[in-house]
Amino acid sequence: LVELLRVGSREKALVAALVHWADVDYDEDAKKARLIEAAALAESAFQDSALAIRCYEKVLDVDGGHPLALDHLVRLEREAGNHERVADLLETRIEVEMDPDARLSLRKQLAATHAALERVTDAISAWQGALDEAPEDLDAIGALERLYEATERWGDLEALVERRLEIARTPEESIAARVRLARLAESPFGRRDDAIEQLREILEEDANNAEALDELERLHTSAQEWVELVALLERRAAEPPDGGGGGAA
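Residues numbered from 1 in each chain as written. Predicted model: local features only at pLDDT ≥ 70, side-chain atom pairs only at ≥ 80, totals over all residues. Heavy atoms only, no water.

S.K.: Outline helix α6 (residues 83-96), supporting the account with residue identities and numerical values.
M.R.: For α6, with 14 residues, the first-to-last C-alpha span of 20 Å sits near the 20 Å given by 1.5 Å per residue. Regarding α6, the residues found buried are Val86, Ala87, Leu89, Leu90, Arg93 and Ile94. In the core, the buried residues of α6 are packed alongside α4 (49-62), α5 (67-79) and α7 (100-116). (Helix = DSSP H or I, 4+ residues; strand = E, 2+ residues; numbered from the N terminus. Expected span 1.5 Å × (residues − 1). Buried < 20%, exposed > 50% of the residue type's maximum accessible area, 1.4 Å probe, protein only. Contact = heavy atoms within 4.5 Å.)

Laid out in structure tokens, this is it:
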């Protein structure tokens, strides 16, 4: 019957026959192959995403970690806006993926899905998983920084910015991380001396760094440290007309 339906280009009947054949077949590999063919036909021949989803779900009933069925279900459920189901599927897909790069990509998808569901704690966990896969991944670091700041997890944020400093590849990246550490040290931690030390370390790398000088000027002014402020202003007044050095981006 299946072969006759193939020749006759009767796609809907063919899909039904393939699904029925899979239901009664004892060979699990053949069962999965027929369901995957039926799902692909349901999408390509008559754009029935719901039927395709049912076919891929049947594949998972046979093999709960089938990568191809999981990938298609993630895509179809995302297109349907079923983000909770997408998150569950991605969790399973990550468990069966062996390639580190692919697993990193899947973890990022999972984090974005939790963000869409406004599950901040789960999004943080997913991004932490991505960072475990690739400790220097700047996308994961940036996303976690934003989430830590939004949830006022200052200790975690400070540790992450310190990691940025460790992996900085350019003076600009190093300076930007130190400026952020200085601001964190001052507020919310109230470690003003640490903040000043970070800013001075910036000036050791870039003696005329405008952002570090601005921060030091603000700190000395707020604490009414007039001697230090005068020395700083004299230093700035002696800078070359072009500023001598750049600020961090």
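S.K.: Please set out the pattern of salt bridges residue by residue, giving values where relevant.
M.R.: Counted by the stated rule, this structure contains 30 salt bridges. Glu43 is the partner of Arg75 in a salt bridge, and the nearest nitrogen-oxygen pair spans 2.8 Å. Separated by 32 residues along the polypeptide, Arg75 in helix α5 and Glu43 in helix α3 (residues 28-46) bring together distant segments of the chain. Taken together, the salt bridges that share partners define one network made up of Arg183, Glu186, Glu211, Glu215 and Arg218. (Salt bridge = Lys/Arg side-chain N within 4 Å of Asp/Glu carboxyl O.)

S.K.: Pulling in residues and values, what's your account of the packing of α6 against α7?
M.R.: Each packed pair of helices is defined by two parameters, the angle between the axes and the distance between the axes. Between α6 and α7, whose axes approach to 9 Å, the crossing angle comes to 155 degrees. Between α6 and α7, the interaxial angle falls into the category roughly antiparallel. Between α6 and α7 lies a crossing whose hand is left-handed. In this structure, α6 uses His83, Val86, Ala87, Leu90, Glu91, Arg93 and Ile94 to contact α7, whose residues at the interface are Arg103, Leu106, Arg107, Gln109, Leu110, Thr113 and His114. Looking at the contact of α6 with α7 residue by residue, the class counts come to six nonpolar, four polar and four charged. (Axes fitted to C-alpha atoms, helices over the stretch in contact; angles between N-to-C directions. Parallel < 35°, antiparallel > 145°, perpendicular 65-115°, else oblique. Left-handed = near helix turned anticlockwise from the far one by under 90°. Nonpolar A, V, L, I, M, F, W, Y, C, P; charged D, E, K, R; others polar.)

S.K.: Give me the side chain of His66: which residues, what numbers.
M.R.: Residue position: His66 is located in the loop between α4 and α5. At a separation of 3.2 Å, a polar atom in the side chain of His66 contacts the main-chain amide nitrogen of Ala69. Those residues in contact with His66, other than ones at most four positions away along the chain, are Lys32, Ile36, Val59 and Leu60. (Polar contact = N/O pair within 3.5 Å; in protein donor to acceptor, adjacent residues only side chain to side chain.)

Interpretation in functional terms is not warranted from these geometric data alone.
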